[in-house]
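Structural description and commentary
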Amino acid sequence: MRTVSKTVNPGSNPGSPAPQATLVRNYERAALLVAMMPTTFTSAGRGRDSFLLLGLAVALGLTLALGSIAAAPDNSQAAAQRPDCPHQFDRPNETTAKQLREAVTCLIAFERRQADRRQLRTNTDLKRIAGRHTRVMLDEECFRHRCPGEQALERRIINSDYLRAGDRYRFAENLGCAQTPRAQVNAWMDRDAQRRSILRGRFRHLGVGAAKGSPQDGARGCIRDRGYATYTLIIAWRER
């Protein structure tokens, strides 16, 4: 399976989630148990020494076992965290372009929810721009942010109804071709620049374009194949 993606105007890097402290707490508990045990040993106290060493071993073993149990993944929780998006595993010949677009939108929402980011709203103008660019890429055999006959993406956004006079704005665009929506979003999330774009907290709107097939652009890793779909994701914010 081949997936490729690109981005422009990426946002800032999201913070990493805080590490779990379960094992740290258990190791601290083990250290406390060791500190509470007598540390004076004599040659005449061999039996007591053996007892204390046995107690130490049991305490450490029990604590580490508890740590292992506490750190074990909760399968039910993991299952609840999997995205439940219709058509996310569908191939292009199994669904419609609209359903591919909706699946990508749903998966983007899931990734932002997992990262505790505000949900994005689909914007009609951004969706139109993304859809047109996806079709141009297929028609022109071009896998780029700007294909022959097109204006630059920023000019396309400025000329749309998305912006009003005097608005400040920022945007990002991810491109990709993949066999399923899930494979495409996974590919974006595996790349730093694209992941930053998707998770940038300030973004408020998105538009997704999807079309069956992929352009021939071997230099950029995309091959013509009807088993693939081509995607354009535009994310942006605007304010006075």
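Bear in mind that the values here come from a model prediction, so they are computed numbers and not experimental data. (Residues numbered from 1 in each chain as written. Predicted model: local features only at pLDDT ≥ 70, side-chain atom pairs only at ≥ 80, totals over all residues. Heavy atoms only, no water.)

Let's shift gears to the overall build of the chain. Tallying secondary structure elements over the chain gives eight helices and five strands in all. Put simply, the chain runs from its N terminus to its C terminus through helices and strands in the order β-α-α-α-α-β-α-α-β-α-α-β-β. By the burial criterion, 41% of the 240 residues in the chain qualify as buried. Summed over its atoms, the accessible surface of the chain is roughly 13,600 Å², and 51% of this surface lies on carbon and sulfur atoms. (Helix = DSSP H or I, 4+ residues; strand = E, 2+ residues; numbered from the N terminus. Buried < 20%, exposed > 50% of the residue type's maximum accessible area, 1.4 Å probe, protein only. Areas by Shrake-Rupley, 256 points an atom, 1.4 Å probe, with all protein chains shown as cover.)

What follows is about the state of the cysteines. Enumeration according to the criterion identifies two disulfides in this entry. Covalent S-S linkage joins Cys-85 and Cys-106, the inter-sulfur distance amounting to 2.1 Å. Here the disulfide of Cys-85 and Cys-106 is left-handed, its torsion about the S-S bond being about -80°. Pair noted here: Cys-85 is in the loop between α3 (75-80) and α4 (97-114) and Cys-106 is in helix α4, with a separation of 21 residues, a long-range link. Cys-142 shares a disulfide with Cys-147; S-S distance 2.3 Å. Measuring handedness by torsion sign, the sulfur bridge of Cys-142 and Cys-147 sits at about -90° and is left-handed. The pair Cys-142 / Cys-147 is uniform in exposure class, with both members buried. (Disulfide = S-S within 2.5 Å.)

One way to put it is that α4 packs onto helix α7 (residues 181-189) with a least axis distance of 9 Å and a crossing angle of 40°. By the angle class used here, α4 and α7 are oblique. Handedness of the crossing formed by α4 with α7: right-handed. Where α4 abuts α7, its residues Leu-100, Ala-103, Val-104, Leu-107, Ile-108 and Glu-111 lie against Pro-181, Arg-182, Val-185, Trp-188 and Met-189. Of the residues contributing to the contact of α4 with α7, the split by class is nine nonpolar, no polar and two charged. (Axes fitted to C-alpha atoms, helices over the stretch in contact; angles between N-to-C directions. Parallel < 35°, antiparallel > 145°, perpendicular 65-115°, else oblique. Left-handed = near helix turned anticlockwise from the far one by under 90°. Contact = heavy atoms within 4.5 Å. Nonpolar A, V, L, I, M, F, W, Y, C, P; charged D, E, K, R; others polar.)

Here we come to the pattern of salt bridges. Scanning the entire structure with this criterion turns up six salt bridges. With a closest N to O distance of 3.5 Å, Arg-156 and Glu-150 form a salt bridge. Accessibility assignment for this pair places Arg-156 and Glu-150 in one class, buried. What emerges from the salt-bridge pattern is a single network uniting Arg-164, Asp-167 and Arg-240. (Salt bridge = Lys/Arg side-chain N within 4 Å of Asp/Glu carboxyl O.)

Glancing now at the pairing of strand β5 (residues 229-239). Burial within β5 is extensive, with nine of its 11 residues counted as buried. Alignment of strand β3 (residues 168-178) against β5, held across 11 bridges, turns out to be antiparallel. Looking at the pairing, Ala-172 lines up with Ile-235 of β5. Taken together, the eight bridges between strand β4 (residues 205-212) and β5 define a ladder with antiparallel strand orientation. When the sheet's bridge partners are listed, Leu-206 is paired in β5 with Ile-235. (Pairing = 2+ DSSP bridges.)

To continue, consider the confidence of the model for the chain. Model confidence for the chain is summarised by a mean pLDDT of 75, while 64% of its residues fall at 70 or above. Long-range and interchain partners of residues 1-5, a stretch whose pLDDT sits below 50, account for 28 contacts in this model, where long-range means more than four residues apart. A low-confidence stretch, residues 8-76 stays under pLDDT 50, and its non-local contacts, those more than four residues away or across chains, total 48 contacts. (pLDDT = per-residue confidence, 0-100.)

One finds Ile-108, Trp-188, Ile-198 and Leu-233 to be the most contacted residues of the largest nonpolar core, which totals 21 residues. Elements with a minimum of two residues in this core: α4, α7, α8 (192-199), β4 and β5. In terms of residues, this core owes the most to one element, β5, which gives five residues. Counting 10 residues, the second largest nonpolar core, distinct from the first, contains Leu-126, Ala-130, Ile-157 and Leu-163. (Core = buried A, V, L, I, M, F, W, Y, C linked by side-chain atoms within 4.5 Å.)

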